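# Descriptive analysis of the structure
This is what each chain is made of:
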Amino acid sequence: MNAPATTDLPVVVIGAGPIGLAAAAHLVERGIEPLVLEAGPIAGTAVREWSHVRLFSTWGEVVDPAAEKLLAPTGWVEPDPATYPSGGDWAERYLEPLAEVLGRRVRYDATVTGVSRTGRDRIADADRDAQPFVIHYTAADGSEARVFARAVIDASGTWSTPGPAGASGLTALGEKSAADRVTYRVPDLKDPAVRARYAGKRTAVIGSGASAFTALAHLADLAKDEQGTHAAWILRRGISGSTFGGGEADQLPARGALGLAAKAAVDGGYADAVTGFRTEAVERDTDGRLVLVSEDGRRLDPVDEAIVLTGFRPDLTFLDELRLGLDERLQAPTDLAPLIDPNQHSCGTVYPHGANELSHPEKDVYLVGMKSYGRAPTFLAMTGYEQVRSIAAHLAGDQEAAERVELTLPETGVCGGAGLFDQPEAAEEAGGGCCAAPAGLTIGGC
């Protein structure tokens with residue numbers, strides 16, 4: 001079968017999460033037909049897997065303007081914009097209704113397995129940009145299918161590819177065989193079965209971001225009710241003024257509160273911070289408990305469980321036939337990478353960006369949302385909404401709107417990079433004096 005003319009084809013959006021559905025809404029607003037391919041059986045499948053976690057952005061910050069316009073005629077009422085949804089709230093009260101409005105433009109149980117130019121592998125130059133894209137996917141029953149597209153927006157996220165415990169970026173020796181005692185998600189301690197897994201146990205929490213803060217705070221609450229519950233917080237670097245985030249200086253108050261809750265867990269004795277520990281191996285003791293071993297040979301006391309929250313990374317395997325321009329370290333688009341590099345990024349803000357910064361050598365392919373950040377942390381939904389607004393404008397030929405900045409991001413209140421320092425004194429030096437240490441985050445005794 002020959003591919004139809006490119007101008008008659010839809011824009012394929014990969015993923016029916018918050019950014020993918022927003023992309024579809026902006027395309028519809030621009031008179032461009034989208035086709036959303038979602039691997040799961042329902043909109044927001046990945047979001048629903050952390051339905052128990054509360055966002056640190058308010059409803060007013062996680063509803064896309066174009067999506068709201070699509071929803072308005074249905075009688076949909078936006079939740080109080082000043083309140084904070086959980087992941088479950090976000091999926092059920094916003095993403096699901098939005099997918100229903102989009103109707104047959106969203107195709108479920110469609111796992112994308114490959115994207116290429118029709119009749120052109122990544123080597124072939126001849127007439128390349130004139131060829132439509134071909135997208136292969138598998139259905140729930142294992143059958144294979146393909147669709148053609150004029151452009152591709154990959155909003156598949158990074159949820160399915162969490163980082164390992166190993167500090168080298170590889171799984172630690174023994175990590176895979178310890179899978180029965182390791183999770184890569186924030187556990188739902190309101191679930192009785194999950195609660196029983198951690199109650200009265202010693203748990204290692206590996207990671208230093210918002211997810212780790214959340215896990216520490218939840219375990220501290222559990223420890224208040226269940227004697228013997230304790231956490232060992234494993235940090236690859238030392239403790240500095242920015243370890244617990246921006247606190248009261250964070251312009252997203254709930255994000256700052258997460259860090260304060262984690263600090264309270266440490267100060268209250270519910271968690272011990274183990275600093276400068278780079279996990280090299282996970283071993284078992286005679287009781288089957290886990291012993292973490294660092295690259296310098298240190299061995300920690302055994303733990304019953306490990307929660308590994310070391311970030312995520314993009315799955316680029318199904319894009320292998322496309323010519324992507326990605327930063328060699330972050331795996332983010334080349335022009336975006338300097339704006340989000342956690343080794344250098346200062347004061348927590350990212351310059352709003354769109355189609356120009358997200359473009360690749362392969363014309364009309366875009367990685368958006370969490371996936372656009374590659375391995376960089378601290379992505380905000382509003383950043384993704386601005387990305388897809390700009391891309392939809394560009395695809396519609398409105399370059400002025402594509403290049404217009406329509407977003408101001410809130411600062412984190414943290415100086416220096418995102419915490420890739422080994423020693424606290426190095427972190428202080430890297431801060432450059434751009435702002436003072438967050439109020440209330442002095443670490444006693446350290």
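Residues numbered from 1 in each chain as written. Predicted model: local features only at pLDDT ≥ 70, side-chain atom pairs only at ≥ 80, totals over all residues. Heavy atoms only, no water.

With their axes 10 Å apart at the nearest point, helix α1 (residues 18–29) and helix α5 (residues 87–102) run at an angle of 35° to one another. Here α1 runs over α5; the crossing is left-handed. Contacts from Pro18, Leu21, Ala24 and Val28 in α1 reach Trp90, Leu95, Leu98, Ala99 and Leu102 in α5. Broken down by class, the residue content of the contact of α1 with α5 amounts to 9 nonpolar, no polar and no charged. (Axes fitted to C-alpha atoms, helices over the stretch in contact; angles between N-to-C directions. Helix = DSSP H or I, 4+ residues; strand = E, 2+ residues; numbered from the N terminus. Left-handed = near helix turned anticlockwise from the far one by under 90°. Contact = heavy atoms within 4.5 Å. Nonpolar A, V, L, I, M, F, W, Y, C, P; charged D, E, K, R; others polar.)

Okay, the sheet that holds strand β4 (residues 111–117) next. In sheet architecture, strand pairing relies on hydrogen bonds along the backbone and comes in two forms, parallel and antiparallel. Taken together, the 3 strands give an open sheet; going across it, the order is β4-β5-β6, and neighbouring strands pair in antiparallel fashion. For this open sheet the edge positions go to β4 and β6 (144–149), each flanked by a neighbour on one side alone. Looking at each pair of strands side by side, their axes are set apart by 25° on average, direction ignored. Judged from the 6 bridges that link them, strand β5 (residues 133–138) and β6 form a sheet pairing that is antiparallel. Pairing of phenylalanine 133 across the sheet is with alanine 149, part of β6. (Pairing = 2+ DSSP bridges.)

Across the two faces of strand β14 (residues 305–308) the burial is the same, with Glu305 and Ile307 and Ala306 and Val308 all buried. Bridge count for strand β9 (residues 202–206) against β14 is 4 bridges, and the pairing is parallel. Note that in β14 the partner of isoleucine 206 across the bridge is valine 308. (Buried < 20%, exposed > 50% of the residue type's maximum accessible area, 1.4 Å probe, protein only.)

This brings us to the confidence of the model for the protein. With 85% of its residues at a pLDDT of at least 70, the protein reaches an overall mean of 88. Per-residue pLDDT stays below 50 along residues 413–446; that stretch engages in 67 contacts with residues further than four places along the chain or on separate chains. (pLDDT = per-residue confidence, 0-100.)

Moving on, we come to the sheet that holds strand β3 (residues 106–107). Spatially, 5 strands are ordered β3-β2-β1-β7-β15 in an open sheet, and the strand pairing comes out parallel. Looking at the sheet topology across the chains shown, the edges are occupied by β3 and β15 (365–367). Bridge count between strand β7 (residues 151–154) and β15: 3 bridges; the pairing is parallel. Paired with valine 152 across the two strands is valine 365, which belongs to β15.

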